[in-house]
Amino acid sequence: MTTDTKQNIIGFYASFNHGETEEENVKKYLWGDNGLKNRLISLKSADYGSDFNLILFEFYVNPIPYERKNLREIENYRRKEKSIGIPVIIDNENFFNKSEKERWLFLKGELLRKLKLLDSKIKRNKLDLDLKRLTNNVEIKLNE
């Protein structure tokens, strides 16, 4: 019996301010059976280069105005952890007031858009990450 020790390169975190219904709804999209985590679970960090163990998508659900104002488009690379955090805001306007199809389109679009923002960080810090391949594979997995 062999064990897969390679770490998933894409991870998910969520911060909820209020609303149990919203919380359960978002959790379904992130960690449910057909959620983002399960769709991207086969993407392993070692397959894309040596400088990233984790790209963490940080979902902020209905953030308070202060929090929203202070979120960056993309965080700084954490060299010791070989990781980076990428905030994504979820609110009524872009998610909760949308249909199921529109919600998936928003999530897919945000993940792909935010991954493209990594390019400047990779070049500036001379990091080893095959971003083009990763982005293509994420897009393929999200469309399955």
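Here's what I pulled together on the structure shown here. (Residues numbered from 1 in each chain as written. Predicted model: local features only at pLDDT ≥ 70, side-chain atom pairs only at ≥ 80, totals over all residues. Heavy atoms only, no water.)

Here we take up the overall build of the chain. Counting secondary structure elements, the chain contains six helices and three strands. Helices (α) and strands (β) of the chain occur, in sequence order from the N terminus, as β-α-α-β-α-β-α-α-α. In terms of overall size, the chain behaves like a compact globule, its C-alpha atoms giving a radius of gyration of 15 Å where 144 residues would be expected to give roughly 15 Å. With respect to the three principal axes, the spread of C-alpha positions in the chain is 40 × 40 × 25 Å. Evaluated residue by residue, the chain yields a buried proportion of 46% over its 144 residues. Taking the contacts inside the chain whose residues are at least 6 apart along the sequence as the reference set, 73% of them involve residues at least 24 apart. By element, 48% of the accessible surface of the chain is carried by carbon and sulfur atoms, the whole surface being about 8,400 Å². When the 27 positive and 23 negative side-chain charges of the chain are each reduced to one mean point, those points stand 5 Å apart. (Helix = DSSP H or I, 4+ residues; strand = E, 2+ residues; numbered from the N terminus. Rg over C-alpha atoms; globule rule 2.2 N^0.38 Å. Buried < 20%, exposed > 50% of the residue type's maximum accessible area, 1.4 Å probe, protein only. Contact = heavy atoms within 4.5 Å. Areas by Shrake-Rupley, 256 points an atom, 1.4 Å probe, with all protein chains shown as cover. Lys, Arg positive; Asp, Glu negative; His and termini not counted. Charge placed at Lys NZ, Arg CZ, Asp CG, Glu CD.)

Before going further, it helps to spend a moment on helix α1 (residues 20–31). Taking 1.5 Å per residue, twelve residues should reach 16 Å; α1 reaches 16 Å between its end C-alpha atoms and fits that length. Among all positions of α1, only Asn 25, Val 26, Tyr 29 and Leu 30 are buried. Buried residues of α1 fall within an arc of 130° about the axis and therefore sit on the same side. Projecting away from the buried face of α1 at angles above 90 degrees are the exposed residues Glu 20 and Thr 21. Against β1 (10–16), α2 (36–40), β2 (54–61), β3 (83–90), α4 (92–96) and α5 (100–125) lie the buried residues of α1. (Expected span 1.5 Å × (residues − 1). Arc of directions from axis to C-beta.)

The subject of this paragraph is the sheet that holds β1. What the three strands build is an open sheet, ordered β1-β2-β3; its pairing is parallel. Looking at which strands have only one partner, the edges of the open sheet turn out to be β1 and β3. The sheet shows a mean angle of 25° between the axes of neighbouring strands, taken without regard to direction. Inspection of the sheet shows β2 paired to β3 by eight bridges, in the parallel sense. If you follow Leu 54 over to β3, its bridge partner there is Ser 83. Against the sheet, α5 touches β1, β2 and β3, its axis set at about 145° to β3. (Pairing = 2+ DSSP bridges. Axes fitted to C-alpha atoms, helices over the stretch in contact; angles between N-to-C directions.)

The packing of two helices is summarised by the inter-axis angle and the distance between the axes. Remark: α5 packs on helix α6 (residues 131–142), axes separated minimally by 10 Å, with the N-to-C direction vectors making an angle of 175°. When the axes of α5 and α6 are compared, the pair comes out roughly antiparallel. Seen from α5, the contacting residues are Lys 108, Leu 111, Leu 112, Leu 115, Lys 116, Leu 118, Asp 119 and Ile 122; seen from α6, they are Leu 131, Leu 134, Thr 135, Val 138, Glu 139 and Leu 142. A per-class count over the contact of α5 with α6 returns nine nonpolar, one polar and four charged. (Parallel < 35°, antiparallel > 145°, perpendicular 65-115°, else oblique. Nonpolar A, V, L, I, M, F, W, Y, C, P; charged D, E, K, R; others polar.)

Here Asp 51 shows up in the loop between α2 and β2. Notably, Asp 51 is buried but unbridged: the nearest opposite-charge side chain belongs to Lys 82, and the N-O separation is 4.8 Å. Engagement of the side chain of Asp 51 in a polar contact is seen with the backbone nitrogen of Asp 128, the distance being 2.6 Å. Those residues in contact with Asp 51 that sit more than four places away from it in its chain are Tyr 77, Lys 82, Lys 126, Leu 127 and Asp 128. (Salt bridge = Lys/Arg side-chain N within 4 Å of Asp/Glu carboxyl O. Polar contact = N/O pair within 3.5 Å; in protein donor to acceptor, adjacent residues only side chain to side chain.)

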